[in-house]
Amino acid sequence: MPVTSLHAHTRQDEVFRLMVEAAPQAMLMVDRHGVIAYVNARTETLFGYPRGFLLDKSVDILLPENVRDNHPNLRAAFMQSPGTRAMGAGRDLYGQHSDGSNIPLEVGLNPVTTDNGVYVIASIIDISERKRQQAAIQDQTARIRAIVETAVDSVIVIDAMGIIETANPATEKLLGYRIDELQGRNIRMLMPEPYRGQHDGYLQNYRETGERKVIGIGRVVVAQRKDGSTFPIELAVSEMTIAGERKYTGIIRDITERQKAEEKLQQQVKETEQALQRVRETQDQLMQSERLATLGGLVAGIAHEVNTPLGIGVSAASYLQEQVRDVKHGLDTDNLRKSDLERFLKACSESADILLTNIRRAADLIQSFKKVAVDQTSDKRRTINLAEYLDELLLSLRPRLKKTSHRVDIKSTETVYFETIPGSLSQVITNLIMNSLVHAFDETDRGVIEIGFSMQEDEVHLTFRDNGKGIPEGNVGRIFEPFFTTRCDQGGSGLGLHIVYNLVNQILCGKITVDSKPAAGTVFFITLPEKLPVDNGNASATKPVKKVRTDV
């Protein structure tokens, strides 16, 4: 062989060797008896054996022990008809690492003929990572299948044309069809008219325009069972692409019971609202009754109180009438003396003073009564001087108070003007006073009520305090509850403080709290806005009572 050709041949061998050494897969060459003649670097790494150890060893050393005995037979069969092919088609192949662990492999065989006979080059790929990925995919697929198969909701998969490909067992139970009766048929079979005739058009429109009506949105529709019955369902449809083909997954939930429950709930809400309205109307009637009762007591008290100055006035007028009669008689008989005339004039002056004083007193009482009475029959708001208003209110309550030895004092020198609904405010103060007279002072003859007030920023702080017997600790939290009373056997309605609470919180837009301890008296703290909201939404909570004539 010429030197040049020898060098060229040597270079080709070197290039081939470098290519084999650099190959990413393990490569080895064995003779017809399975003796290893060559291994590359990747083979050393894959099996954990050094190259020098493997050369001239049987390839069986790289096989798991359970297949070594049969391998010579397989090798002999291959050598009888050698050819390029994959090894172990249709079954898993494993090699054995030097540490005894098995390695999943993919092996390609390629026979070559040399001057020394037939050799087989084996290309070996470690597919451990592929196996792990396949196992993970299989596990995930199994999990998804298990979820779908055990789902309580119906799951149906259709293709782009609406043909059913598969469904889960819940579908059979829900719709009455076996899965094999559904597969290959159009999904519209599960819809009543007119939806059945329109569905293919919906799908075509979506394919052409991408306009979604259900897909990715979900909606409530009607489905039809195998027996022809229809029922409401909640349908959620999602889109997916598998191997380049568009698929749709529909999740169907029967909402028959839910709709019945919703209808029942709506009916209950309606009935509750009606009951609440009746309660509000009853509450309004009770509050109006309480107002009228208070007004009635006020009328009776004022009538009694006015009787005194009117009686004195009548007596003074009667006395004056007698004096006029005596003077006239003296004139008629020419017996009128100067002293008689002087005595008559003195009597006239005294009687006029008595008449004027008592008529003014009666007029003041009536005027006070008119203001309070008009306020108590009206929900109109106006600005008041709190001190003057409380004086007028107490004047109207004097007939009730004078029957007792109890005292009501206004403890404030501050002038406070604020916008409120005077009728509701007078009802609050009146109820609190009557509550103290009935409950706080039933064990004492000389109780004291103090009413204090002040303006703090944009709020009126009003304090109502009595020195009565106090409220038991267990009752403090319940005194504003409707019909809660400790005097049920004595005619107590249990509405007085409940009405106070509602008036303060709802009508006057304020707050009321209480602090009381047995034998230490009771204090009510009331906070009211300086100016009522333009529309507090509560002024109509109590309808005005029928107007009561207050002109005298």
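Undergrad: Outline the packing of helix 13 (residues 422–440) against helix 15 (residues 496–507), listing residues and values.
TA: Two numbers describe a pair of packed helices, the interaxial angle and the distance between the axes. Contact geometry for helix 13 and helix 15: axes closest at 9 Å, N-to-C directions at 150°. Here helix 13 is positioned roughly antiparallel relative to helix 15, judged by the angle of their axes. In this structure, the crossing between helix 13 and helix 15 has a hand that is left-handed. Taking contact as the criterion, the partners of Ser424, Gln427, Val428, Asn431, Leu432 and Asn435 in helix 13 are, on helix 15, Gly496, Leu497, Ile499, Val500, Leu503, Val504 and Ile507. Looking at the contact of helix 13 with helix 15 residue by residue, the class counts come to 8 nonpolar, 5 polar and no charged.

Undergrad: Lay out the pattern of salt bridges with the relevant residues and their values.
TA: The final tally for this structure, using the stated rule, is 24 salt bridges. A salt bridge links Arg253 to Asp153; its shortest N-O distance comes to 2.7 Å. Taken together, the residues Arg253 in strand 11 (residues 245–254) and Asp153 in the loop between helix 6 (128–150) and strand 7 (154–159) connect sequence positions 100 residues apart. Arg253 gets classed as partly exposed once you look at its relative accessible area, which sits at 39%.

Undergrad: Hey, could you go over the nonpolar core for me, with residue numbers and the actual values?
TA: Residues Leu386, Ile433 and Phe524 are the most contacted members of the largest nonpolar core, which totals 43 residues. Listing elements by their share of this core, those giving two or more residues are helix 12 (386–401), helix 13, strand 15 (448–456), strand 16 (459–466), helix 15, strand 17 (511–516) and strand 18 (522–529). What Phe524 contacts, discounting residues up to four positions off in sequence, is Leu432, Leu462, Thr463, Phe464, Ile479, Phe480, Leu497, Ile512, Thr513 and Val514. Counting residues in hydrophobic clusters, the runner-up holds 23 residues, among them Ile158, Val214, Tyr248 and Ile252.

Undergrad: With reference to specific residues and values, describe the packing of aromatic side chains.
TA: For the structure shown, the criterion picks out 5 aromatic pairs. Between Lys57 and the ring centre of Phe53, over which it is positioned, the NZ or CZ distance is 4.6 Å. Above the plane of the ring of Phe231 lies Arg225, whose end atom (NZ or CZ) is 3.9 Å from the centre.

Undergrad: Can you explain helix 9 (residues 195–209)? Please cite residues and give values.
TA: The end-to-end C-alpha separation of helix 9 is 20 Å, in line with the 21 Å expected for 15 residues at 1.5 Å each. Buried residues belonging to helix 9 abut strand 10 (230–242) and strand 11. Within two residues after helix 9, Gly210 carries a phi angle of roughly 75°, on the positive side.

Undergrad: How would you explain the confidence of the model for the chain if you had to name every residue and give the values?
TA: Chain-level statistics for the chain give a pLDDT mean of 82 and a share of 85% at 70 or above. Across residues 1–7, confidence stays below pLDDT 50; counting only partners more than four residues off in sequence or on other chains, it has 1 contact. Confidence drops under pLDDT 50 across residues 537–552; counting only partners more than four residues distant or on other chains, this segment forms 35 contacts.

Quick notes on the rules
Residues numbered from 1 in each chain as written. Predicted model: local features only at pLDDT ≥ 70, side-chain atom pairs only at ≥ 80, totals over all residues. Heavy atoms only, no water. Axes fitted to C-alpha atoms, helices over the stretch in contact; angles between N-to-C directions. Helix = DSSP H or I, 4+ residues; strand = E, 2+ residues; numbered from the N terminus. Parallel < 35°, antiparallel > 145°, perpendicular 65-115°, else oblique. Left-handed = near helix turned anticlockwise from the far one by under 90°. Contact = heavy atoms within 4.5 Å. Nonpolar A, V, L, I, M, F, W, Y, C, P; charged D, E, K, R; others polar. Salt bridge = Lys/Arg side-chain N within 4 Å of Asp/Glu carboxyl O. Buried < 20%, exposed > 50% of the residue type's maximum accessible area, 1.4 Å probe, protein only. Core = buried A, V, L, I, M, F, W, Y, C linked by side-chain atoms within 4.5 Å. Phe/Tyr/Trp six-rings, centres within 6.5 Å; stacked < 30°, edge-to-face > 60°. Lys NZ or Arg CZ within 6 Å of the ring centre and 35° of its normal. Expected span 1.5 Å × (residues − 1). pLDDT = per-residue confidence, 0-100.

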